[in-house]
Amino acid sequence: MQKKGNFLLMDKSEFRGWLAGQKITRTITKMQVHHTASPNYVTRRMVNGVAQQDHFACLEGMRNYHLSEGWSGTGQNITTFEDGKIAISLDRDLNATPAGIRGANTGALCIENVGNFDKGGDTMTPAQRETIVHLYACLCEKLGLTPSVNTIVYHAWYTADGTWLGDYSAGKSSKTCPGTNFWGAGNTKAAAQSTFIPAVAAELARLKNGGSDVKKDEIVAVKVNGKKIAEGIVDCGVTYIPVRAVAEALGANVAYDAKTKMVTITKEGA
Ligand SMILES: [Zn+2]
């Protein structure tokens with residue numbers, strides 16, 4: 001954890017513990033989802049996946065821009081980065097109403113995710129994806145909120161004057177934010193319901209379960225033609241089963257090439 005200028009920068013692994021120590025003095029019922037559009041992975045000068053620009057330089061740059069717009073401080077409460085780091089705005093801490101969505105900031109928390117996640121823009125790194133899911137899950141836990149499209153809201157679901165649309169509507173929405181390709185699915189309510197919200201819900205369940213990755217009741221039996229042949233696990237809504245046991249039980253051959261990291265399944269006559 002590093003404090004410099006107007007920001008506190010921390011690793012994903014530090015956030016839950018830090019948040020547990022914070023006293024929330026206002027009612028927060030909505031967590032906004034934004035992308036910064038600019039700065040983005042290009043302005044961060046990514047070389048082999050590592051940004052050459054300092055986190056604090058990026059953060060102070062955003063703050064200076066917001067101040068130049070006449071705002072009282074950094075617009076957002078929290079910022080996430082491509083390397084998974086999280087920054088807290090010290091001039092807009094969790095108890096300060098953000099400047100995130102004009103006309104819709106009361107009772108809201110503003111989270112800006114650095115990147116341009118419109119189609120044709122940046123492809124979100126796995127590190128940032130994991131941090132974002134964890135961040136919203138920790139906030140749900142702390143604020144007593146259930147992940148839903150009413151508690152985790154995309155900027156695009158509002159008009160320019162802050163009227164709630166509840167979905168992205170080209171021409172009516174003020175912006176495409178958090179991006180027409182956010183989470184690889186887009187900025188619509190349906191996209192959020194099928195991708196991002198379940199991911200946050202699964203992470204919240206994992207946290208409430210003590211943070212362990214595999215629960216006993218997440219172990220599933222795998223049956224082939226009525227006979228139990230192996231066990232698999234369900235983790236974050238995805239079922240993992242041992243492919244070799246299943247394929248061989250179905251009479252197929254399984255080969256794994258460690259060099260190309262390729263599993264090849266072949267069945268004669270198929
Ligand atoms: Zn936005």
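Before reading on, note that the structure itself is shown above.
For the structure given in this document, a descriptive report is provided here. (Residues numbered from 1 in each chain as written. Predicted model: local features only at pLDDT ≥ 70, side-chain atom pairs only at ≥ 80, totals over all residues. Heavy atoms only, no water.)

**Things to note about the side chain of glutamate 82**
Threshold: What counts as a helix is a DSSP run of H or I of at least four residues, what counts as a strand is a run of E of at least two, and both are numbered from the N terminus. Three labels apply to residues, based on accessible area from a 1.4 Å probe with only protein chains included: buried if under 20% of the type maximum, exposed if over 50%, partly exposed otherwise in between. Identification of polar contacts relies on pairs of N or O atoms within 3.5 Å, with a donor-acceptor requirement for protein atoms, meaning one able to donate a hydrogen and the other able to accept it, and with residues adjacent in sequence counted only if both atoms are side-chain atoms.
If you trace the backbone, glutamate 82 turns up in the loop between β6 (78-80) and β7 (86-89). Residue glutamate 82 is classed as buried on the basis of its relative accessible area, which comes to 3%. There is a polar contact of 3.0 Å between the side chain of glutamate 82 and the side chain of arginine 44.

**Some thoughts on the layout of surface pockets**
What counts here: A pocket here means an open set of points on a 1 Å grid, computed over the protein atoms alone, that has protein on both sides within 12 Å along at least five of seven lines. A cavity is instead a set of points where a 1.4 Å probe fits but cannot get out; residues with an atom within 4 Å of a point line either one. Grid points are joined across faces, edges and corners, and a volume is the space filled by probe spheres set on the points.
Taken as a whole, the largest pocket encloses approximately 690 Å³ of empty space. Of all the secondary-structure elements, those providing two or more residues to the lining of the largest pocket are β3 (30-35) and α2 (55-68). For the lining of the largest pocket, the element with the highest residue contribution is α2, accounting for five residues.

**Describing the pattern of salt bridges**
The following threshold applies: Take a side-chain nitrogen of Lys or Arg and a carboxyl oxygen of Asp or Glu: if they are within 4 Å of each other, that pair is a salt bridge.
The full count for this structure, using the stated rule, is eight salt bridges. Its salt-bridge partner being glutamate 141, residue arginine 16 comes within 2.6 Å of it at the nearest N-O pair. Of the two residues, arginine 16 sits in helix α1 (residues 12-20) while glutamate 141 sits in helix α3 (residues 126-143), which places them 125 residues apart along the sequence. Relative accessible area serves as the criterion here: at 30%, arginine 16 is assigned to the partly exposed category.

**Structural notes on unusual backbone geometry**
Here the residue pair serine 38 and proline 39 is connected by a cis peptide bond, since its omega of 5° sits within 30 degrees of zero. With respect to the helices, strands and loops of the structure, proline 39 is situated in the loop between β3 and β4 (46-47). A cis amide bond, omega 10°, links cysteine 177 with the succeeding residue proline 178. Assignment of secondary structure puts proline 178 in the loop between β9 (152-154) and α4 (189-208). Even without being a glycine, asparagine 48 presents a positive backbone phi close to 50°. For asparagine 48, the position within the fold is in the loop between β4 and β5 (50-51). Despite not being glycine, asparagine 225 has its phi angle at roughly 50°, a positive value.

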